[in-house]
Amino acid sequence: MPDVISFARGAPSLDIIDVDGLKAAAARAFERDPAGTTAYGTAVGYAPLREWIAEKHGVDTSQVIVTNGSMQADAFLFETLVSSGDAVVVEKPTYDRTLLNLRRRGADLRPVELEGDGIDVAALERLLRDEGVRPTLAHIIPNFQNPAGYTLSLEKRKRLLELAREFGFAIFEDDPYIDIRFSGETLPTMLSMDDSGSVVYASSFSKTVCPGIRVGYLVGPAERIAEIQRLATNTYTVKKALARRVELLTAALERELPEARFQKPEGGYFMWVELPEGTDIDRVFQEANQRGVAIVKGTDFLLDGGKNTMRLAYSGVTEDQIDEGVRRLAEAVRAAAGAAV
């Protein structure tokens, strides 16, 4: 069996992590603040970092809490906002760990389709206005969405804020990929446009520095952050390299799988690929594994449907692996089609 070329893992490959820079940064931290570097710290996080985040987002430090990665940020927010039976709007498709965590809390998940410019706000409005659903929370990944790679348009950001204000739900703006834009126009966060305290914003340094750093954060209304603080008490930029990988992946898919449909991401780690109707993604997954290619089935991100879809992560493959990986993937797709005949 050939060495595995993985389009599955949503993490940067070692060659685009600034290891030397991390070493130097660690040394400076120990030199400048040995006590702060080695201490337990506070429930709200390392004070200078918290101040830096507050300045970055133009808020008071009372509106910021630093967490142990973005998943802890998610867990804290869900713990304070979501009870069993509460309706929660999620994008369709969305991050599999988000679905898992919300299911564990007993949430009544209400998936709303994604379009090329983000969540279908007209469909969301029908859910709210016509069907009478009253969610406590809408989980939105606005930039380079996982798994689709899509970006929420400015018009839809504004409309989401209007709907949140009218219907009284919180927007969880889950934004770990915002600083990995390598083309297109930077859009304002919903947090920066929010005038009603509707938005709780989350981001992470795992995608821009390295996954092992395990530092994320939440920004939101001071009273919400104080509630999360009480719960917490109890309980390198890689854009150029990733842009090149997207170019190579796009060209390889167009050459090897011309029947596939996808939207070229403007940033982030992921690309959502739709194969022709009737494709059995379970069979494709098996055939790909046999050829040493790892993918994530689209069905992992959906409550239903998606049987002809997959997510490709270009972050963890090197440039010289992409052509060969897509060639093997195309073989797997055709083998799966042949087996279905």
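Data block above holds the structure.
Residues numbered from 1 in each chain as written. Predicted model: local features only at pLDDT ≥ 70, side-chain atom pairs only at ≥ 80, totals over all residues. Heavy atoms only, no water.

Undergrad: Account for the overall build of the chain, with residues named and values stated.
TA: When its secondary structure is counted, the chain shows 12 helices and 14 strands. Over its C-alpha atoms the chain spans a radius of gyration of 21 Å, differing by no more than 12% from the 20 Å that the globule rule assigns to 341 residues. Counting only C-alpha atoms, the chain reaches 60 × 60 × 35 Å along its principal axes. In the chain, which comprises 341 residues, the proportion classed as buried is 51%. Taken as a whole, the chain presents about 15300 Å² of accessible surface, with 48% of it coming from carbon and sulfur. (Helix = DSSP H or I, 4+ residues; strand = E, 2+ residues; numbered from the N terminus. Rg over C-alpha atoms; globule rule 2.2 N^0.38 Å. Buried < 20%, exposed > 50% of the residue type's maximum accessible area, 1.4 Å probe, protein only. Areas by Shrake-Rupley, 256 points an atom, 1.4 Å probe, with all protein chains shown as cover.)

Undergrad: I'd like to hear about the packing of aromatic side chains, residue by residue, with values.
TA: To describe a pair of aromatic rings, one takes the distance between the centres and the angle between the planes. In the structure shown here, the tally under the stated rule is seven aromatic pairs. Taken together, a centroid distance of 5.9 Å and an interplanar angle of 45 degrees make the contact between Phe205 and Tyr217 tilted. Separated by 12 residues along the polypeptide, Phe205 in the loop between strand 8 (199-204) and strand 9 (216-219) and Tyr217 in strand 9 bring together distant segments of the chain. Pair check on accessibility: Phe205 and Tyr217 agree, each one buried. Taken together, the ring pairs connect Trp52, Phe205 and Tyr217 into an aromatic cluster. Cation over ring: Lys297 sits above Phe285, and NZ or CZ is 5.0 Å from the ring centre. (Phe/Tyr/Trp six-rings, centres within 6.5 Å; stacked < 30°, edge-to-face > 60°. Lys NZ or Arg CZ within 6 Å of the ring centre and 35° of its normal.)

Undergrad: How would you summarise helix 5 (residues 96-104) if you had to cite specific residues and measurements?
TA: Where helix 5 is concerned, the buried positions are Thr98, Leu99, Asn101 and Leu102. Seen from one end, helix 5 has its buried residues packed into an arc of 165 degrees, which puts them on one side. The inward-facing, buried residues of helix 5 abut helix 4 (69-81), strand 3 (87-92), strand 4 (108-115) and strand 6 (137-140). (Arc of directions from axis to C-beta. Contact = heavy atoms within 4.5 Å.)

Undergrad: I'd like a rundown of the pattern of salt bridges, residues and numbers included.
TA: By the definition in use, this model includes 27 salt bridges. For Arg328, the salt bridge identified is with Glu324, shortest N-O distance 3.0 Å. One end of the pair, Arg328, and the other, Glu324, are both in helix 12 (residues 319-340), four residues apart, so they sit about a helical turn from each other. Given a relative accessible area of 11%, Arg328 falls into the buried group. Residue classification places Glu324 among the partly exposed residues on the basis of a relative accessible area of 27%. Look at the salt bridges and you will find they share partners, linking Arg283, Glu287, Arg291, Glu324, Arg327, Arg328 and Glu331 into a network. (Salt bridge = Lys/Arg side-chain N within 4 Å of Asp/Glu carboxyl O.)

Undergrad: Account for the side chain of Asp120, with residues named and values stated.
TA: Along the chain, Asp120 turns up in the loop between strand 5 (118-119) and helix 6 (121-129). Buried within the structure, Asp120 lacks any salt-bridge partner; its nearest side chain of opposite charge belongs to Arg126, at an N-O separation of 4.5 Å. Within the local environment of Asp120, its side chain forms a polar contact with the backbone nitrogen of Ala122, the two atoms lying 3.1 Å apart. Once residues within four sequence positions are removed from consideration, Asp120 is found in contact with Val112, Glu113, Glu115, Arg126 and Lys156. (Lys, Arg positive; Asp, Glu negative; His and termini not counted. Polar contact = N/O pair within 3.5 Å; in protein donor to acceptor, adjacent residues only side chain to side chain.)

Undergrad: Please provide a residue-by-residue account of the nonpolar core, values included.
TA: Core analysis: the largest hydrophobic core is formed by 44 residues, its most contacted members being Ile119, Leu124, Leu160, Phe169, Ile171 and Met190. Take this core: its biggest share by element is five residues, from helix 7 (residues 154-167). Once residues lying within four places of it in the same chain are set aside, the contact partners of Met190 are Ile140, Pro142, Leu152, Arg157, Leu160, Leu161, Ile171, Glu173 and Val199. (Core = buried A, V, L, I, M, F, W, Y, C linked by side-chain atoms within 4.5 Å.)

Undergrad: Help me get a handle on the environment of Ala170, residues and values and all.
TA: Considering the arrangement of structural elements, one finds Ala170 in strand 7 (residues 170-174). Assessed through its relative accessible area of 8%, Ala170 is described here as buried. In this view, Ala170 contacts Leu81, Thr136, Leu137, Ala138 and Ser198; residues no more than four positions away in its chain are not counted.

Undergrad: Break down the side chain of Thr98 for me, citing the residues and quoting the values.
TA: As for its placement among the helices and strands, Thr98 is situated in helix 5. The contacts of Thr98, once residues within four sequence positions are left out, are Asp74, Phe78 and His139.

Undergrad: Just give me the short version of the layout of surface pockets, but keep the residues and values in it.
TA: For the second largest pocket, the calculated volume is near 560 Å³. Along the walls of the second largest pocket sit 23 residues, with Arg9, Gly10, Tyr95, Asn146 and Lys207 positioned nearest its centre. Looking at the lining of the second largest pocket, the elements with two or more residues in it are helix 4 and helix 5. Among the residues forming the lining of the second largest pocket, the class breakdown is 11 nonpolar, four polar and eight charged. (1 Å grid on protein atoms, 1.4 Å probe; cavity = no way out; pocket = protein on both sides within 12 Å on 5 of 7 lines; lining within 4 Å. Points joined across faces, edges and corners; volume = space filled by probe spheres on them. Nonpolar A, V, L, I, M, F, W, Y, C, P; charged D, E, K, R; others polar.)

So, to be careful, I would describe these as geometric facts and stop short of saying anything about function.
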